[in-house]
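# Chain and residue survey
One letter stands for each residue in the lines below.
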Amino acid sequence: MNVSKNEKGQAIPAATIPLTAKDFEKIDNTAVYWLGNASIFINSRGTKIMIDPLLEGFDMPLLIEMPILPKDIPALDAVLITHDDNDHFSKPTCQDVKNICKEYHAPQFVAGLLRDEGLNGIGHDINETFTVGEMKIKLTPAEHNWKNDYPKYHWRDYKLEDYCGFWIETPDGKIWLPGDSRLLKEQLEMPQPDIILLDFADNSWHITFEGAVKLANTYPRADLICIHWGSVDAPNMNTFNGNPAALAAAVVNPERVHALAPGEKFILQK
């Protein structure tokens, strides 16, 4: 596992691996890329989606170089957004891929925000299923409505259905992103996924470290791709500072914990 620590004690990944146009070509399998923080790129046999792409314009200093900039992305079939926090819903990134992205999918509230930006925001209910190419995608429940607790951000009443994860069935296997969420009973009753894109932040409005271990051990055959870590220069914020090595030390079958470099490819295998 290629994880080190910086001078501030933050776990950080290996150096960024730039994406090229070749990564967007039609392939004969499904490749999953971590783009930093909670951003994911999936190329499934030529169908290309990004989830929560944050590739520019973030309001906090970063520890990593972006593996690709929006202007260099040749084409996307869809962008998926889990919720409206700006480390997941990057308006600059979404705007700058609008000419090469066919559609944007999100919970109903977030889809409305996308449409406010002049983008093709398609809203869905929790547990609703839609398709992008050969991918069958379902919104899964999440609980992350932390803004209701803070007057500065509480400009509306945030509901559970404003947040989601994504269950993605591809020709090569099943990928699950639980999303930013407290651990929910429903999340422990899913079918066995092949990959979990795991936010393991030890934070009460995220899954907590203990919750991440419980989720991981509920699905002992799933590869665990660590996200929401090693990307933001905020050493005092536990939302950004999980350590994949600590996770590997706590779960069954620790060899399935993967701390990818930003831009690194992982091939989905059932």
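Presented here is an overview of the structure given in this document. (Residues numbered from 1 in each chain as written. Predicted model: local features only at pLDDT ≥ 70, side-chain atom pairs only at ≥ 80, totals over all residues. Heavy atoms only, no water.)

Right, let's get into the pairing of strand E7 (residues 104-107). Across two bridges, strand E6 (residues 78-80) lies against E7 in parallel orientation. The partner of leucine 80 across the bridge, within E7, is histidine 105. Following the backbone out of E6, through helix H1 (residues 91-96) and into the adjacent parallel E7, one traces a crossover that is right-handed. On the question of chirality, the crossover connecting E7 to the parallel strand E8 (residues 121-124) by way of helix H2 (residues 108-116) is right-handed. (Pairing = 2+ DSSP bridges. Helix = DSSP H or I, 4+ residues; strand = E, 2+ residues; numbered from the N terminus. Right-handed = clockwise from strand over helix to strand, strands pointing away.)

Let us now look at the nonpolar core. Core analysis: the largest hydrophobic core is formed by 48 residues, its most contacted members being Ile49 and Phe166. Dropping the residues within four chain positions of it, isoleucine 49 is found in contact with Ile40, Phe41, Ile42, Leu76, Ala78, Leu80, Val132, Met135, Ile137 and Ile168. Tyr33, Leu35, Phe89 and Leu113 belong to the second largest nonpolar core, which has 27 residues in total. (Core = buried A, V, L, I, M, F, W, Y, C linked by side-chain atoms within 4.5 Å. Buried < 20%, exposed > 50% of the residue type's maximum accessible area, 1.4 Å probe, protein only. Contact = heavy atoms within 4.5 Å.)

Throughout the structure, instances matching the rule amount to zero disulfides. For cysteine 101, which is in no disulfide, the shortest distance to another cysteine sulfur is to cysteine 94 and amounts to 7.9 Å. Summary of cysteine pairing: cysteine 164 is not part of a disulfide, and the nearest cysteine sulfur, belonging to cysteine 94, is at 13 Å. (Disulfide = S-S within 2.5 Å.)

With that out of the way, let us pick up the sheet that holds strand E12 (residues 173-177). Across the sheet, seven strands lie side by side as E9-E10-E11-E12-E13-E14-E15; this open sheet has mixed pairing. Only two strands of the sheet have a single partner each, and these edge strands are strand E9 (129-132) and strand E15 (257-258).

Attention shifts here to the packing of aromatic side chains. Per the counting criterion, the structure on display carries eleven aromatic pairs. Aromatic pair tryptophan 146 and tyrosine 153: ring centres 5.1 Å apart, planes at 65°, arrangement edge-to-face. Accessibility expressed as a relative area gives 18% for tryptophan 146, which makes it buried. Summarising the aromatic geometry, the rings of tryptophan 176 and tyrosine 219 are spaced 5.8 Å apart at their centres and angled 85° between planes, so their arrangement reads as edge-to-face. Taken together, the residues tryptophan 176 in strand E12 and tyrosine 219 in the loop between helix H3 (209-218) and strand E14 (223-227) connect sequence positions 43 residues apart. Every member of this aromatic cluster is reached through a ring pair, and the members are Phe109, Trp155, Tyr158 and Tyr163. (Phe/Tyr/Trp six-rings, centres within 6.5 Å; stacked < 30°, edge-to-face > 60°.)

Positive phi, close to 45°, is recorded for asparagine 37, a residue that is not glycine. As for its placement among the helices and strands, asparagine 37 is situated in the loop between strand E3 (30-36) and strand E4 (39-44). The exposure class assigned to asparagine 37 is buried, which follows from its relative accessible area of 4%. Backbone geometry at aspartate 52 places phi at a positive 50°, although glycine is not the residue there. The residue aspartate 52 is located in the loop between strand E5 (47-51) and E6 in this model. Relative accessible area serves as the criterion here: at 1%, aspartate 52 is assigned to the buried category.

Strand order in the open sheet formed by seven strands is E8-E7-E6-E5-E4-E3-E16, and the pairing between neighbours is mixed. A strand with exactly one partner marks an edge of an open sheet, and here the two such strands are E8 and strand E16 (265-267). With strand direction ignored, the average angle separating the axes of adjacent strands in the sheet is 25°. Of the strand pairs in this sheet, E3 and E16 are connected by three bridges, and their pairing is antiparallel. In the sheet register, alanine 31 faces E16, and the bridge partner there is isoleucine 267. In the packing of H2 onto the sheet, the strands contacted are E7 and E8, and the crossing angle to E7 comes to about 135°. (Axes fitted to C-alpha atoms, helices over the stretch in contact; angles between N-to-C directions.)

It is worth stressing that arrangement in space is one thing and function is another; only the former is reported here.
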